[in-house]
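Listed below, chain by chain, are the residues.
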Amino acid sequence: FASVSLPYTVTSVGANAFAGVSGLKFTCAYGDAAYNYAKKHSSAYTLKAPSLTADAVLDIANKQVVVTLKLNNAAGLNAANFELTYNNGAVPVSTDTSCGDMSDAVNTAVVYNGNGKVSVAVVATDAVPFVADTQTISYEIAKITFKVNEEADTADFNFSAKVLMLDNARYNVSAVKKSLDLHAYTEDTSKAVAPTCVSKGSKTYVCSICSLRFRLPGKG
C-alpha cells in the first residue's frame, strides 16, 4: 500500500491527483478531503485514532474540581457507541448532561451509568462530522464535577474511553491522567516565633491555593 495522510487544510483533491498510483491507503478524518477522495475512488482508508484530553479547574469555595473532557480526532465517531470510564473513587457530585460543542454536531446527551462510567446517548445514530470551514475535529464530550478531599494534597483522576468509528474499527482510547494540586504550603516568616530558653518557638505555613494556615512548633 501507498500510505497517504493529508493535512486538514486541504479542502479538495483533484480527480487525477493520484492517477497511476496503485494500492492507495488514506489516513483521514470522516468528511475531510482525503476521506471524500477515498470514498469516491474506492480507495482503502482508516480514520485517525481519537485521543482524550482533560482539563481540571479547582473550585476552592465549594471544595470541588470541575473536569472538562475533550475527544480529539472525533470526526467519524459513531456517537451511539461511546463510553467513558473514570476511577471509581471519584464520585461526581453534580453532572452536566450536555456534550458541549459536540451537541452542535450531533444530537447527543451525556448519561451517567454509575460505577464510574459515562456514555453518550443520541436521538438518532449519527457520526460526528469534520467541519471543513472551522477544521473542527475535537469536541468537548463531558464536564464532570467532583467533590475533593480537602485534607489531601492532590486530586488525581484517570479517564479512558471506548469508541466505535464509522469504519467499524473499535478503539480503546489511550487513558489520560490528571493531577491537580489542592494545597501548596510556604512559610509565612512574618508569623515566625523565635525560640527562647523556655519555648521552642513556632513557624506558620500558609497555602497559596486556599489560604489555609497552620502552625508547627520549632525545634529550639
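Before reading further, recall that the structure is shown in the block above.
Nothing here was measured: the structure is a model prediction, and the numbers come from that model.

This paragraph deals with the nonpolar core. Buried together is how nonpolar side chains tend to be arranged in soluble globular proteins. Ranked by size, the top nonpolar core spans 42 residues in total, and within it Leu-52, Val-67, Leu-69, Leu-84 and Phe-159 carry the most contacts. Elements that contribute at least two residues to this core include exactly β2 (24-28), α1 (33-40), β4 (51-59), β5 (64-72), β6 (77-86), β10 (139-147), β11 (154-165) and β12 (170-181). The element best represented in this core is β11, accounting for six residues. When near neighbours in sequence (up to four residues on either side) are disregarded, Phe-159 contacts Leu-52, Ala-54, Val-67, Leu-69, Leu-84, Thr-85, Tyr-86, Phe-146, Ala-175 and Val-176.

What follows is about the pairing of β4. Taken together, the nine bridges between β4 and β5 define a ladder with antiparallel strand orientation. Its bridge partner lying in β5, Ala-54 is registered against Leu-69. The antiparallel hairpin formed by β4 and β5 contains four residues in its connecting segment, where Lys-63 sits at a positive phi of about 55 degrees.

What follows concerns the sheet that holds β5. Ordered in space as β4-β5-β10-β7, the four strands form an open sheet in which the pairing is antiparallel. At either end of the open sheet lies a strand with only one pairing partner, and these are β4 and β7 (92-96). Across the sheet, the mean angle separating the axes of adjacent strands is 20 degrees when strand polarity is ignored. As judged from the eight bridges shared by β5 and β10, these two strands associate in the antiparallel manner. Residue Gln-64 lies in a different strand from β10, and its bridge partner there is Lys-147.

A sheet is described by the order of its strands in space; here three strands give the open sequence β1-β2-β3, paired in parallel fashion. The open sheet has two edge strands with one neighbour each: β1 (2-5) and β3 (44-47). Taking each pair of neighbouring strands and ignoring which way they run, the sheet shows an average axis angle of 25 degrees. Alignment of β2 against β3, held across four bridges, turns out to be parallel. The residue bridging Phe-26 from the neighbouring strand is Tyr-45, located in β3. Against the sheet, α1 makes contact with β2 and β3, and its axis sits at roughly 145 degrees relative to β2, the strand it touches most.

On to α1. Within α1, the full set of buried residues consists of Ala-33, Ala-34, Tyr-35, Tyr-37 and Ala-38. Two to three positions downstream of the cap, the backbone nitrogen of Ala-34 sits 3.3 Å from a side-chain oxygen, assigning the N-cap of α1 to Asp-32. Two residues or fewer past α1, Ser-42 is found with a positive phi of approximately 55 degrees.

Further remarks concern the packing of aromatic side chains. Applying the stated criterion to the full structure yields eight aromatic pairs. Taking the centre distance of 5.4 Å and the plane angle of 65 degrees together, the rings of Phe-18 and Tyr-37 count as edge-to-face. With Phe-18 in the loop between β1 and β2 and Tyr-37 in helix α1, the pair connects residues that are 19 residues apart, well separated along the chain. Here the aromatic cluster, defined as three or more aromatic residues joined through ring pairs, consists of Tyr-86, Phe-146, Phe-157 and Phe-159.

So, about the environment of Val-118. Here Val-118 is to be found in strand β9 (residues 117-122). Sequence separation between Val-118 and Ala-161 is 43 residues, and the spatial gap between their C-alpha atoms is 9.2 Å.

What follows is about the environment of Thr-189. Mapped onto the secondary structure, Thr-189 falls in the loop between β13 (185-187) and β14 (202-207). Counting along the chain gives 16 residues from Thr-189 to Tyr-205, while the straight-line C-alpha distance between them is 8.4 Å.

This part is about unusual backbone geometry. Located in the positive-phi region is Ser-42, a residue other than glycine, with phi close to 55 degrees. Tracing the backbone shows Ser-42 in the loop between α1 and β3. With phi around 55 degrees, Lys-63 is a residue other than glycine that occupies positive phi space. Position of Lys-63 relative to the elements: it lies in the loop between β4 and β5. According to the relative accessible area criterion, Lys-63 is partly exposed, its value standing at 32%.

The rules behind the values
Residues numbered from 1 in each chain as written. Predicted model: local features only at pLDDT ≥ 70, side-chain atom pairs only at ≥ 80, totals over all residues. Heavy atoms only, no water. Core = buried A, V, L, I, M, F, W, Y, C linked by side-chain atoms within 4.5 Å. Buried < 20%, exposed > 50% of the residue type's maximum accessible area, 1.4 Å probe, protein only. Helix = DSSP H or I, 4+ residues; strand = E, 2+ residues; numbered from the N terminus. Contact = heavy atoms within 4.5 Å. Pairing = 2+ DSSP bridges. Axes fitted to C-alpha atoms, helices over the stretch in contact; angles between N-to-C directions. Polar contact = N/O pair within 3.5 Å; in protein donor to acceptor, adjacent residues only side chain to side chain. Phe/Tyr/Trp six-rings, centres within 6.5 Å; stacked < 30°, edge-to-face > 60°.

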